[in-house]
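An overview of the molecular structure
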Amino acid sequence: MRIGPERDPLPRLLAFVYAPLALAAWWLLEHRDLLAPDRLACPLLKYTGVACPTCGGTRAGLALARLRVSEAFAENPLIALMLILLGLWLIYAVAATLAPRLRGSVRLAPGEHRLLRVLALGLVLGTWIYEIVRHA
Amino acid sequence: MTDESRDDRADFPPDPDPYRGEGEDRRPPPAPENLPPWEDRANFSLIAGFFNTIPRAMTAPGRFFTDHTVRRGLWGPITFGVLMGFLVSLAEWLWSRATSDFEDTLLQLLGEDYEITPLEDSIVTFIESFGVLVSPLLALVALFVLAGAVHLGVMLMSSGRQRGFEATLRAVAYANAATILAVVPMCGSLIGLVWMLVIAVIGVRQMHGIGTAPALFAVTAPAVLCCCGLSGATFLIAQLAAL
């Protein structure tokens, strides 16, 4: 992996589109009681007893918003990790926009791409097994 | 050649360029831009461009997205997606108005004893009253959320050869053409959604030059991973099982 000059500013600028969406999602999560939570129970878990890989994602998001990192990972490691990466991306976008010398693009060698793919698949499957066992 | 680029060549081989030989440029003249009619103001008016884009994207997505011009900005695909979202919302609102009695009868036949709370009733009333007005904003949000999720899959599956977020956004935005099927009552929205996914898969494949399987993964993985997608499908199956 190496970091070169920024090839395309769009991914960085998109952070300013997704940041308000993330804020809106966080606000909705904080006020989800307005939406009658008993009616929003996951039908998959309710009818089959099997959790999906994103089970607990809402609670993980809420825990992260309250800076309870270990609780977020206990709820759903996949979503917790993705939200942390999203947060880091937003911080990078703001910093790189203000300070152009921080701008860059990550380049991965083909072998590293394959490794990343295997890790992503492993993370999804691992989280799924964890959630199934947790709700069993 | 700089030291920087020589290092890159050693660790990260550049994309193959079949047209460039030793010491000569055998690159053919650039192909003409394949612009969607919606963005081709030289040949189509605004309205003609819109109504020509829909059948082209729906019936020949492979040709529509082949050599599709990228780096023309996001304005064209975004406006198309937002306009489609507004029209679909309008059509669905009109149909829900026209068939509300029928839907009540259908719910009774299904044995539905769901009691709506006052809050839910006010939300439904708000959506029925103002849903069409806020639909462009919702379509814009949905477009960016979907395109962002699909692009994550593309980045994972394309081994770094992808053409950037704009290409994904274009595939997703113009795939929205199929949602025009919402003008068909009852099943139109569902058929349109499936058709849209098919167009999006073809669009991602053509735009990024990746295989069908990676494109299928990139488009469907976010939906499959999404709890709502899975639970929604299960809910439908459970409803059907209760018949």
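Sequence positions are assigned chain by chain, starting from 1 and proceeding in written order. Labels follow written order: the first chain is A, the first ligand is 1, and so on. Owing to the predicted nature of the model, reporting of local features is limited to residues with pLDDT of at least 70; listing and counting of side-chain atom pairs is limited to 80 or more, with chain, interface and lining totals taken over all residues.

**A look at helix 8 (residues 188-208) of chain B**
Residue and element names in this part refer to chain B. Runs of E in the DSSP output that reach at least two residues are strands. Runs of H or I that reach at least four are helices, and both are numbered from the N terminus. Here the expected length of a helix is defined as 1.5 Å per residue gap, with one fewer gap than residues. Taking 1.5 Å as the rise per residue, helix 8 with 21 residues should run 30 Å; its terminal C-alpha atoms sit 30 Å apart, in good agreement. Three exposure classes are used. Buried residues have 20 or more other C-beta atoms within 10 Å of their own C-beta, exposed residues have 12 or fewer, and partly exposed residues fall in between, all C-beta atoms being placed from the backbone. Of the residues making up helix 8, those classed as buried are Gly192, Met196, Ile199, Ala200, Val201, Ile202, Gly203, Val204, Arg205, Gln206, Met207 and His208. Backbone geometry just after helix 8 places Gly209 at a positive phi near 65 degrees.

**Brief notes about unusual backbone geometry**
Residues and elements named next belong to chain A. You will see that Leu67, though not glycine, has its phi angle at about 65 degrees, which is positive. Looking at the element boundaries, Leu67 is found in the loop between helix 3 (57-65) and helix 4 (69-75). Judged by the 8 C-beta atoms lying within 10 Å of it, Leu67 is exposed.

**Some thoughts on the confidence of the model for chain B**
When pLDDT is low, close inspection of the predicted coordinates is not appropriate. Residues and elements named next belong to chain B. pLDDT: the predictor's confidence for each residue, scored from 0 to 100. Across chain B, the average pLDDT comes to 76, with 66% of residues at or above 70. Note on residues 232-243: pLDDT under 50 across the span, and seven contacts to partners over four residues away in sequence or across chains. ipTM for the predicted complex: 0.71, alongside a pTM of 0.73. Our contact criterion uses C-beta atoms placed from the backbone: two residues qualify when those atoms are within 7 Å.

**Details of the packing of helix 3 of chain A against helix 5 (residues 77-98) of chain A**
Residue and element names in this part refer to chain A. Note on method: axes are straight lines fitted to C-alpha atoms, helices fitted across the in-contact stretch only, with angles between N-to-C directions ranging 0 to 180 degrees. Running from amino to carboxyl end, helix 3 crosses helix 5 at an angle of 45 degrees, the nearest separation of the two axes being 8 Å. Comparing their axes, helix 5 and helix 3 come out oblique. Where helix 3 crosses over helix 5, the two elements pack in a sense that is right-handed. Listed contacts from helix 5 to Gly57, Ala60, Gly61 and Leu64 of helix 3 are Ile79, Ala80 and Leu83. Each residue receives one of three labels: charged for Asp, Glu, Lys and Arg, nonpolar for Ala, Val, Leu, Ile, Met, Phe, Trp, Tyr, Cys and Pro, and polar for the others, Gly being one of them. Partitioning the contact of helix 3 with helix 5 into residue classes produces five nonpolar, two polar and no charged. Note that the term roughly parallel is reserved for angles under 35 degrees, roughly antiparallel for angles over 145, roughly perpendicular for angles of 65 to 115, and oblique for everything else. Crossing handedness: left-handed means the near helix sits turned counterclockwise from the far one by under a right angle, and right-handed means the same turn made clockwise.

**Here we look at the nonpolar core**
We define the nonpolar core as any set of buried residues of the types Ala, Val, Leu, Ile, Met, Phe, Trp, Tyr and Cys, connected via C-beta atoms lying within 7 Å of each other. The biggest cluster of nonpolar side chains holds 45 residues, and the ones touching the most others in it are Ala171, Val172, Ala175, Ala177, Ile199, Ala200 and Val204 of chain B. Listed by contribution, the elements that provide at least two residues to this core are helix 2 (46-59), helix 3 (61-65), helix 4 (75-98), helix 6 (118-157), helix 7 (165-175), helix 8 and helix 9 (212-225) of chain B. At nine residues, helix 6 of chain B tops the list of elements feeding residues into this core. Ignoring anything within four residues of it in the chain, the contact list for Ala200 of chain B reads Ala171, Val172, Ala175 and Val219 of chain B. Formed by eight residues, the second largest nonpolar core is a distinct cluster that contains Ala60, Leu64, Ala72 and Ile79 of chain A.

**Remarks on the packing of helix 7 of chain B against helix 8 of chain B**
All names here are of chain B. One way to put it is that helix 7 packs onto helix 8 with a least axis distance of 8 Å and a crossing angle of 155 degrees. By the criterion of interaxial angle, the relationship of helix 7 to helix 8 is roughly antiparallel. Helix-helix and strand crossings are classified by hand; for helix 7 and helix 8 the assignment is right-handed. Here Ala167, Thr168, Arg170, Ala171, Val172, Tyr174 and Ala175 of helix 7 come into contact with helix 8, specifically with Met196, Ile199, Ala200, Gly203, Val204, Met207 and His208.

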